[in-house]
Amino acid sequence: MLRYRCNQKGCCCRGWDIPFKLDDFIRLYEYLPEADRAELGAGLKLVVDEAAPEESVDLILKSLKLAGVGEDRHCRFVEGDGGCRVHAQHGIPALPDICVNFPAVGFRDEQADVVELYWDPVCPEVVRIFAENESTLTMHSIDAGTSSAPTSIAAQATSPDEMGWHDAGFAQRVANAREPLRAHLGGIALSRAQLLHLRQASVQTLGDRGRATWESLAAVLNGFRSLTIERALSFTPQEPEDLEAFQRYLGACIGAHGAPLLFWSLRKMERLVFAIDLAPLLANPKQLLAALENWGDALDGAYFAHEQSLRPIFSRYLQHRFAMLYVNQEGELREAADTVALIFGTALRYAGALATALERPVDDAVAQAAISAAEYLYRSLQFDAESLPWYASAEGRPPREKAQAPVQP
Ligand code: SF4
């Protein structure tokens, strides 16, 4: 992500009412010229929580939402070419935090005095970087000074074109990082050394191009399945003895949702896809819906026959996800590992269906669209845990038959 740059196409500045904090609003007000200030309050929605009975107020302000404009509900500051007027005229300091941060989420480990930035693969520019080359991913660390510092995995020098303190967006993202960095196993917090070891071992295994990406995932999930806090520092991913059981589980991940729900979600996130043209498939959805429904055939024809050539993009994606596994499930790593497998399964489902509807094999462009679509589904909807399949965290969960029930819109 060192080379990440916003594509300036305004894809995340439309389709929803952008939530701002009160501080953001005041800051924006101060930067805007007089003429714009008067308009700023128009269409403003207050998002409030009911206060606890002992509080002296009835409601607590959570955030403000600037109502979107027009049919596509675009932000009032987005220009026709997709650029941001506030950014262009007043720079990073004027922007609301959410606009500076996205697609990164900053996590702060107070004890280790470290901030980690996670780049959300729902963003088309993040997934484009997965397809940019075939090298395996490494973790990069930037010292609090100006130089690069070695990490437990690897480090490269930061060039002026890459992210670093010279980049106002990077510095502000680090300053804005407020989420506590929490990583747990069964409710017990991991030490930094344990977390780094789990990360290193997972990322290394998922970078193996000598076997199918799903086989590397099977080894990592199997490792998490038997992981205890005492054994965290000797964690080694290992292929499951019963590989067929893992295949059945992955099949349940791929087939977890109904085709209409997947189609509906794809339509909602169309603005985030540039790698392929979704418009004709959404306008004439018969083929796409059929391929989402018959996902086994779609995957056999369009994905598995080409799996080897697709290892770099899917492997880089999974490396990226497992490097910061704690972003899911509030840091419960076993559940988080399963969540990533669910998203990966959904990405395969989308990839097979999109390629089949486009009458071509899955390639890097289709895979990019599929990864963003799967990430969007799981970040915009919440599913009942009992309706989903689980593997690493399966112990103590409902029986598999129940876990495979499809979730409909
Ligand atoms: S203020 Fe700028 S970056 Fe933020 S949502 Fe509006 S157009 Fe996008």
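No experiment lies behind these values; they were computed from the predicted model shown.

### Thoughts on the domain arrangement of the protein chain
Often, the extent of an interface is quoted as the loss of accessible area on bringing the components together.
Thinking step 1. Taken domain by domain, the protein chain holds domain 1 (1–181) and domain 2 (188–403).
Thinking step 2. The gap between the C-alpha centroids of domain 1 and domain 2 is 26 Å.
Thinking step 3. Contact residues are listed per partner, giving 36 residues for domain 1 and 29 residues for domain 2.
Thinking step 4. Overall, the association of domain 1 and domain 2 removes approximately 2900 Å² of surface from exposure, summing both partners, and the carbon and sulfur fraction of that is 63%.
Thinking step 5. In this assembly, domain 1 and domain 2 are joined by 4 salt bridges.
Thinking step 6. Inspection of the region where domain 1 meets domain 2 yields 17 residue pairs in polar contact (both at pLDDT 80 or more).
Thinking step 7. Counting only elements with at least two residues in the side of domain 1 that touches domain 2, the list comes to strand 4 (104–109), strand 5 (114–119) and helix 5 (124–130).
Thinking step 8. Take the side of domain 1 that touches domain 2: its biggest share by element is 6 residues, from helix 5.

### Observations concerning the packing of helix 15 (residues 333–357) against helix 16 (residues 364–380)
Thinking step 1. For the pair helix 15 and helix 16, interaxial distance at closest approach is 8 Å and the crossing angle is 135°. It follows from the interaxial angle that helix 15 and helix 16 lie oblique. For the element pair helix 15 and helix 16, the recorded crossing hand is right-handed. Counted together, Leu342, Ile343, Thr346, Ala347, Tyr350, Ala351, Leu354 and Ala355 of helix 15 and Val366, Ala369, Ala370, Ile371, Ala373, Ala374, Glu375, Leu377 and Tyr378 of helix 16 form the full contact between these two elements.
Thinking step 2. Its residues assigned to classes, the contact of helix 15 with helix 16 comprises 15 nonpolar, 1 polar and 1 charged.

### Notes on the nonpolar core
Thinking step 1. Among the nonpolar cores identified, the biggest contains 104 residues, and Leu221, Phe224, Phe322 and Leu333 are the most heavily contacted of them.
Thinking step 2. Examining the composition of this core, we find that 16 residues originate from one element, helix 15, more than from any other.
Thinking step 3. Counting the residues that make up this core, at least three belong to each of domain 1 (1–181) and domain 2 (188–403).
Thinking step 4. Beyond its immediate sequence surroundings of up to four residues, Phe322 is in contact with Ser202, Val203, Leu206, Leu217, Val220, Leu221, Phe224, Ala337 and Val340.
Thinking step 5. Within the second largest apolar cluster, 15 residues are counted, among which are Ile18, Phe25, Cys75 and Val100.

### A word on the pattern of salt bridges
Thinking step 1. Overall, the coordinates contain 21 salt bridges when judged by the stated rule.
Thinking step 2. Note that Arg321 is salt-bridged to Glu375, the shortest N-O span being 2.8 Å. Taken together, the residues span a long stretch of sequence, with Arg321 in helix 14 (residues 307–323) and Glu375 in helix 16 at a distance of 54 residues. Each member of the pair, Arg321 together with Glu375, is buried.

### A closer look at empty space enclosed by the protein
Thinking step 1. Tallied over the entire structure, the rule returns 1 cavity of 30 Å³ or more.
Thinking step 2. Empty space within the largest cavity amounts to approximately 50 Å³.
Thinking step 3. Lining the largest cavity are Leu195, Leu198, Arg199, Ser202, Phe224, Phe322, Ala323, Leu325, Tyr326 and Leu333.
Thinking step 4. Those elements that place two or more of their residues in the lining of the largest cavity are helix 7 (192–206) and helix 14.

Calculation notes
- Residues numbered from 1 in each chain as written.
- Predicted model: local features only at pLDDT ≥ 70, side-chain atom pairs only at ≥ 80, totals over all residues.
- Heavy atoms only, no water.
- Domains from an automatic or database assignment.
- Contact = heavy atoms within 4.5 Å.
- Buried area = accessible area lost by both parts, 1.4 Å probe.
- Salt bridge = Lys/Arg side-chain N within 4 Å of Asp/Glu carboxyl O.
- Polar contact = N/O pair within 3.5 Å; in protein donor to acceptor, adjacent residues only side chain to side chain.
- Helix = DSSP H or I, 4+ residues; strand = E, 2+ residues; numbered from the N terminus.
- Axes fitted to C-alpha atoms, helices over the stretch in contact; angles between N-to-C directions.
- Parallel < 35°, antiparallel > 145°, perpendicular 65-115°, else oblique.
- Left-handed = near helix turned anticlockwise from the far one by under 90°.
- Nonpolar A, V, L, I, M, F, W, Y, C, P; charged D, E, K, R; others polar.
- Core = buried A, V, L, I, M, F, W, Y, C linked by side-chain atoms within 4.5 Å.
- Buried < 20%, exposed > 50% of the residue type's maximum accessible area, 1.4 Å probe, protein only.
- 1 Å grid on protein atoms, 1.4 Å probe; cavity = no way out; pocket = protein on both sides within 12 Å on 5 of 7 lines; lining within 4 Å.
- Points joined across faces, edges and corners; volume = space filled by probe spheres on them.

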